[in-house]
Amino acid sequence: MNEKLKEKIKESLSSVLPITLIVLALSVTLVPMEIGTLALFLTGAVLLIVGMGLFQLGAEMAMTPLGQGVGGRLMKGRKLLPILLVSFLMGVIITIAEPDLQVLANQVASIPNPVLIWTVAVGVGVFLVVAVLRVLLHISLANMLLIFYVLLFGLSFFSPDSFTAVAFDSGGVTTGPMTVPFIMALGVGLSAARSDRDGASDSFGLVALCSVGPILMVLLLGIFYSPSGAVYTTIEVAGVATTRDVVDQFLYALPQYGKEVTVSILPVAGVFVLFQLFTRTYHRRQVLRMAVGFVYTIAGLILFLTGVNVGFAPVGGLFGSGLADSRYKWLLIPIGVLIGYYLVKAEPAVQILNEQVEDLTGGTISRKMMNSALSLGVACAVALAMVRVLTGINIYWVIIPGYLIALVLSRMAPAVFVGIAFDSGGVASGPMTSTFLLPLAMGACSAVGGNVVTDAFGVVALVAMAPLIAIQVMGLLYERKSKGAPQPAVALPEDTVVEIEEEFE
């Protein structure tokens, strides 16, 4: 087996294993499960681990170099209209292929899947254009975020309550393992071509702005689209009696998700082919490596979505309803804290972001610092989400104060931490959140008789909000610890700059 693939699968195993062990422990104590259901869950977990490993390796081999190549070539052309047009098209195409969005769309009963997916994809495309303009025109990220979030909250008061939580959730799931490598690499390519001292710092913030677009578009959709008549139905676990039944459930689902994934990835592969034909950017060996990367990406996504939808998500719903049905329903809160703490470590896009942060800051902000801040922040967010499920508190009582605090901190924290924080918000709410935590909240909400659309949805939004505060607080503490010493310059490593320059000569 490829050594790099082994490494990625080991990373996926260490990420998914804590959640699996928590579920196993609770299945023999508070929420007993039938052996067949447990077998479905464990098989789903295995497919999730292997699929995530393949997908991460594929994204690293194909999406990252494609993003850097497109960004660098666009900047070399120095023509604004092609830059903006290509940015919009790539934002739309990459988002349609995002697995997190597919998972969320399957769970939103009030909006047909194609309607939600295309609405969100256009939102990402438009705001990727806005993010690119910010890099090109040197506009302050904090000022742009303040303007757009004020606009979002103002617009949300005109949209139906049934769309508010879904809108903020969609902003979190769109920046996942497919979009983050490409968007981060695009930012690196654009900022490296600028060749100024603030260029690397400005590579952060693209993911943050791309998270705003889906929220805005879904809120607008809510104003013009009536969801009446849609009813939420609890996800049912397939009835299985033997191990053969378990295998049959997954084999039956594989062709369906294989078709969905292939249709989603083909446009991205088409962009790669056209880009190479017109620009001849990559050498023959690079082309072969990226082609293999696309194969890994497709195979990983098929396994990932099959494992999620057949084994992982249904058991998450069953687990939530079982806890909420018991007299120990209050345990949802501490269990949510525990799950949230480990959940963020399982997000593949988080690890991609943390590696880029450590590289671009020359180790000033380490992966360990990022992981600690994110884990604590997400643990608190999941606790708040479980409180909402049990009490029915309106999401506005949580997200409005939360975003106000985040926006105030953005005026105080060092600039590099602001971009990292808002980028982290998007990547923290990835596939593990949408595939396990959201079904868990839905199942619990149904069991306590709450409104699933208003009380369960919103958990992804809270997970996305937590890092905004946690990372910026970390920045303030770091600045204070430095005792007023000048903030270290954030610069692209010299070997990376040389590599990019040579690539396009």
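About the thresholds
Residues numbered from 1 in each chain as written. Predicted model: local features only at pLDDT ≥ 70, side-chain atom pairs only at ≥ 80, totals over all residues. Heavy atoms only, no water. Helix = DSSP H or I, 4+ residues; strand = E, 2+ residues; numbered from the N terminus. Buried < 20%, exposed > 50% of the residue type's maximum accessible area, 1.4 Å probe, protein only. Contact = heavy atoms within 4.5 Å. Areas by Shrake-Rupley, 256 points an atom, 1.4 Å probe, with all protein chains shown as cover. Expected span 1.5 Å × (residues − 1). Axes fitted to C-alpha atoms, helices over the stretch in contact; angles between N-to-C directions. Parallel < 35°, antiparallel > 145°, perpendicular 65-115°, else oblique. Left-handed = near helix turned anticlockwise from the far one by under 90°. Nonpolar A, V, L, I, M, F, W, Y, C, P; charged D, E, K, R; others polar. Salt bridge = Lys/Arg side-chain N within 4 Å of Asp/Glu carboxyl O. 1 Å grid on protein atoms, 1.4 Å probe; cavity = no way out; pocket = protein on both sides within 12 Å on 5 of 7 lines; lining within 4 Å. Points joined across faces, edges and corners; volume = space filled by probe spheres on them.

1. Focus on the overall build of the chain
- For the chain, the helix and strand inventory stands at 21 helices and 0 strands.
- By residue count, 58% of the 505 residues in the chain fall in the buried class.
- Counting only contacts in the chain whose residues sit at least 6 apart along the sequence, the fraction spanning at least 24 positions is 87%.
- Of the roughly 19,900 Å² that the chain leaves accessible, carbon and sulfur atoms contribute 66%.

2. Quick notes on unusual backbone geometry
- Phi at His138 is positive, roughly 60°, even though this residue is not glycine.
- Look at Arg280: it is not a glycine, yet its phi comes out positive at around 55°.
- Of the residues examined, Arg280 reaches a relative accessible area of 60% and is grouped as exposed.

3. Considering helix α16 (residues 396–410)
- Given a rise of 1.5 Å per residue, 15 residues ought to cover 21 Å, and the 20 Å separating the end C-alpha atoms of α16 matches this to within 8%.
- Residues of α16 that are buried: Tyr396, Val398, Ile399, Gly402, Tyr403, Ala406, Leu407, Leu409 and Ser410.
- Looking at the buried side of α16, the elements it contacts are α6 (141–156), α7 (161–173), α15 (367–391), α17 (415–428) and α20 (459–481).

4. Considering the packing of α17 against α20
- Following both chains from N to C, one finds α17 and α20 inclined at 155°, their axes separated by 7 Å at the closest point. On the basis of their axis angle, the class for α17 and α20 is roughly antiparallel. Relative to α20, α17 is oriented so that their crossing is right-handed. Two secondary-structure elements touch here, α17 through Phe417, Val418, Ile420, Ala421, Phe422, Ser424, Gly425 and Ala428 and α20 through Val463, Ala464, Pro467, Leu468, Ile471, Gln472, Met474, Gly475 and Tyr478.
- When grouped by side-chain class, the residues that make up the contact of α17 with α20 number 13 nonpolar, 4 polar and no charged.

5. Focus on the packing of α7 against α20
- Contact pair α7 / α20: the axes reach a minimum separation of 7 Å and the direction vectors enclose 55°. If you check the angle between α7 and α20, you find them oblique. Crossing angle aside, the handedness with which α7 passes α20 is left-handed. Every residue of α20 that contacts α7 at Phe168, Asp169, Gly172 and Val173 is listed here: Val459, Val460, Ala461 and Ala464.
- Each residue belonging to the contact of α7 with α20 can be placed in one class, and the counts come to 6 nonpolar, 1 polar and 1 charged.

6. Here we look at α15
- With 25 residues, α15 ought to run about 36 Å at 1.5 Å a step, and its terminal C-alpha atoms sit 36 Å apart, in line with that.
- Looking one or two residues past α15, Gly392 carries a phi angle of roughly 75°, positive in sign.

7. Section: the pattern of salt bridges
- Following the criterion strictly, the structure yields 4 salt bridges and no others.
- For the salt bridge of Lys4 with Glu60, the shortest nitrogen-to-oxygen distance reads 3.6 Å. One end of the pair, Lys4, is in helix α1 (residues 3–27); the other, Glu60, is in helix α2 (residues 35–77), with 56 residues separating them in the sequence.
- When the shortest N-O distance is used, the salt bridge between Glu60 and Lys8 registers 2.9 Å. With Glu60 in helix α2 and Lys8 in helix α1, the pair connects residues that are 52 residues apart, well separated along the chain.
- Among the charged side chains, a network of salt bridges with common partners joins Lys4, Lys8 and Glu60.

8. Focus: empty space enclosed by the protein
- This model, assessed by the stated rule, comprises 4 cavities of 30 Å³ or more.
- The computed volume of the largest cavity comes to approximately 100 Å³.
- Contributions of two or more residues to the lining of the largest cavity are made by α7, α10 (206–224), α17 and α20.
- Across the lining of the largest cavity, the residue classes break down as 9 nonpolar, 5 polar and no charged.

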